[in-house]
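An overview of the molecular structure
If you want the building blocks of each chain, they are given just below.
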Amino acid sequence: MSLKQKQCDIHWLTGQFKEIQQELSYRESIQLRVRRESRLALVLVSFIFAMFAITDYNLLGDSTEFYILISMRVIVVSTCVIFALIIGRVGSFSRKPLLHALPLWVLAAGIISIVPLRPESLYTQITAVVVAIMAFYLLIPSLLTIASWASGFLSIGFIVASVAYADVSAPTATRLVLLLIMANIVGYCALLRLEILQRKQFSLLNEERDQNLALQREVEHRKSLEAQLRRLAERDTLTEVDTRSHFIKRAEALLERALRENSGFCLLMIDVDHFKQINDTWGHTRGDEVLKQVAKTIRQSLRRVDVVGRLGGEEFIVAMPNTHHKEAVTLAQRLTANVNTIELPSPLNQVSVSITVGIALKSNERSLDLLIQRADEMLYKGKRNGRNRVELAR
C-alpha cells in the first residue's frame, strides 16, 4: 500500500482516518463550520428542551415535582447555552473533543432525570428519547465516537430509570430495549456513512489540490525553462549583448519606426582591431576576456535607446534610433576613445585594445540588410585606412 493510500485509509468502525495526522488535518479543516453549526444546534435543542416545560405543567400542575423539573430544565438549558457559546469560540474536534461531548451528556442526563419525576408519561418520553438519539447522531455536529457514547448513556440510563421508577414490565422493557437499540443502529450507520463520505471528499480535495500544486510547479518550471531558452536565443552568453537574430529583429522594428516617422536612424559596425593576433598570442580564453571588456565598454558608452548586438567573432553592431550623422560620429568617436582606455588584467595588461567603426545612415532604402552592407563597407574602409578610426558613409 502506498503512503498516499495509507493516509486516505478510513476505519470501518469509527469512520475516521487511520493515519492520525490526516485525521487531525481533516478536523482542523472543518473547525469553523463545526463551531458555527454546533452553536446553532445546541441553542435550538436547548430551546426545544425548555419548551417541554409546558407539558410538565399540564401533567404536574403547580406541584413540587413541577418546580424540580423546571429547575432541572433551567440548569440543562443554561449549561447547554454556555457550552454553545464556548464551542462557538474555541470548539475543536482535534484539540478539545471533550468540550463537544459534555453538552450531549448534560442533555442525556436531563432527559433521564425526567423519568422519576414524570413516570406516568413514559411512553411520551420514549418518543423524545428516540428523537434525542437521532439529534445526537445527526443534528449536533459531533464525532461518531462521542455521539455513540452519549447515545448509549442516554439509552441505558433511560431503560434503567424506566424499570426503576415507572414499573415497566419485562416484555415492555424488552420492546423498549429493542427500540432504542434500533434507533442507535440507524443513527450510528447514518453518521458512519456521513463521516466516511466527508473524509473521502476531503481526501479527493487534498489530492486535487496536490495535483494542482504539482501542475502549477510544472508550469512554473516550464516557464523558467522557456525564459532560459529565450535568454539563450536573445542574449550572447559571452558578451551579454543581443545575439545576431535578436538584434536583427529589434533593429528592423526601429528602422520601420524611423521610416514611418521620418526620423534619423543609423548603424555602427564595430570590429576589434588585431583580434586574431590576440587569440593566437594569448589563447582563446584571453581573447574572450578582451571581447567581454569591449562589449561592456560599448554598452556603457552608448545611450539606453541604442541596441547592441554581436554579429559573430569580434564583430559588433549597434542600431541607433533618432540619430543623425553628426551625433552618430560623435558617439562613435567617444566609443573608440573609451575602448582605447580599457585596462586588461595581467598578463594582458600590455595589450592595447582598439576598434574600428563603420557608420551607415538611413536614406531612402527600406532594407536593414542594405544598411548593414553599407556599414560593413565603411568598416573595411576604416581597416584599410589604418584601423582605430571611424568611417561614415557619404
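Look up a bit, the structure's there.
As a starting point, this report considers the structure included with it. (Residues numbered from 1 in each chain as written. Predicted model: local features only at pLDDT ≥ 70, side-chain atom pairs only at ≥ 80, totals over all residues. Heavy atoms only, no water.)

1. A short note on the packing of aromatic side chains
How two aromatic rings sit relative to each other is set out by the distance from centre to centre and by the angle between their planes. Going through the model one piece at a time under the given rule, you end up with 6 aromatic pairs. Ring geometry for Y57 and F66: centres 5.3 Å apart, planes at 70 degrees, overall edge-to-face. F66 gets classed as buried once you look at its relative accessible area, which sits at 10%. Here F66 and Y67 contribute two aromatic rings whose centre-to-centre distance is 5.4 Å and whose plane-to-plane angle is 65 degrees, an arrangement assigned as edge-to-face. By the ring-pair criterion, three or more aromatic residues cluster together here, those being F17, Y26 and F202. Taking NZ or CZ as reference, R73 lies 4.7 Å from the ring centre of F49, over its face. (Phe/Tyr/Trp six-rings, centres within 6.5 Å; stacked < 30°, edge-to-face > 60°. Buried < 20%, exposed > 50% of the residue type's maximum accessible area, 1.4 Å probe, protein only. Lys NZ or Arg CZ within 6 Å of the ring centre and 35° of its normal.)

2. Regarding unusual backbone geometry
Positive phi, close to 55 degrees, is recorded for H274, a residue that is not glycine. In this structure, H274 sits in the loop between β1 (265-272) and α11 (275-282). Judged by its relative accessible area of 45%, H274 falls in the partly exposed class. Backbone geometry places R387, a non-glycine residue, at a positive phi of 65 degrees. Tracing the sequence through the fold places R387 in the loop between α14 (368-384) and β5 (390-392). When its relative accessible area of 30% is taken as the criterion, R387 is described as partly exposed. (Helix = DSSP H or I, 4+ residues; strand = E, 2+ residues; numbered from the N terminus.)

3. Side note on the layout of surface pockets
Each pocket or cavity is described by its volume, and for the largest pocket that value is around 410 Å³. Around the largest pocket, the lining is made up of 18 residues, and of these I48, F52, I111, A128 and A132 lie nearest the centre. Taken together, the elements giving at least two residues each to the lining of the largest pocket come down to α3 (31-51), α6 (97-117) and α7 (122-139). Here the lining of the largest pocket gets 8 residues from one element, more than from any other, and that element is α7. Here the lining of the largest pocket is composed, by residue class, of 14 nonpolar, 2 polar and 2 charged. Roughly 200 Å³ of volume is contained in the second largest pocket. Broken down by element, the residue count for the lining of the second largest pocket peaks at 5 residues, all from helix α9 (residues 170-234). (1 Å grid on protein atoms, 1.4 Å probe; cavity = no way out; pocket = protein on both sides within 12 Å on 5 of 7 lines; lining within 4 Å. Points joined across faces, edges and corners; volume = space filled by probe spheres on them. Nonpolar A, V, L, I, M, F, W, Y, C, P; charged D, E, K, R; others polar.)

4. A closer look at the pairing of strand β4 (residues 355-361)
Among the 7 residues of β4, 7 are classified as buried, and the element is accordingly described as predominantly covered. A two-sided burial pattern is seen for β4, the buried positions comprising I355, V357, I359 and L361 on one face and T356, G358 and A360 on the other. The pairing of β1 with β4 spans 7 bridges and is classified as antiparallel. In the sheet register, V272 faces β4, and the bridge partner there is I355. Two elements, β4 and β5, share 3 bridges in a ladder whose sense is parallel. Bridged to G358 within β5 is E391. (Pairing = 2+ DSSP bridges.)

5. Some thoughts on empty space enclosed by the protein
A complete count under the given rule lists 1 cavity of 30 Å³ or more for this structure. Its boundaries defined by the atoms lining it, the largest cavity holds a volume of some 30 Å³. What lines the largest cavity is S38, L42, I87, H100, P103, I140 and P141. Of all the elements in the fold, those that place two or more residues in the lining of the largest cavity are α3 and α6. Taken together, the residues of the lining of the largest cavity break down into 5 nonpolar, 2 polar and no charged.

6. A short note on the nonpolar core
Ranked by internal contacts, the top residues of the largest apolar core, which has 55 residues, are F136, I140, L154 and F158. Contributing elements (two or more residues each) for this core: α3, α5 (64-90), α6, α7, α8 (144-165) and α9. Element by element, the count of residues in this core is highest for α6, at 10 residues. The residues touching F158, leaving out its near neighbours within four places in the chain, are I112, V115, L122, Q125, I126, V129, L176 and L180. Core analysis: the next-biggest nonpolar cluster, separate from the first, contains 33 residues, V241, V272, L344 and I359 among them. (Core = buried A, V, L, I, M, F, W, Y, C linked by side-chain atoms within 4.5 Å. Contact = heavy atoms within 4.5 Å.)

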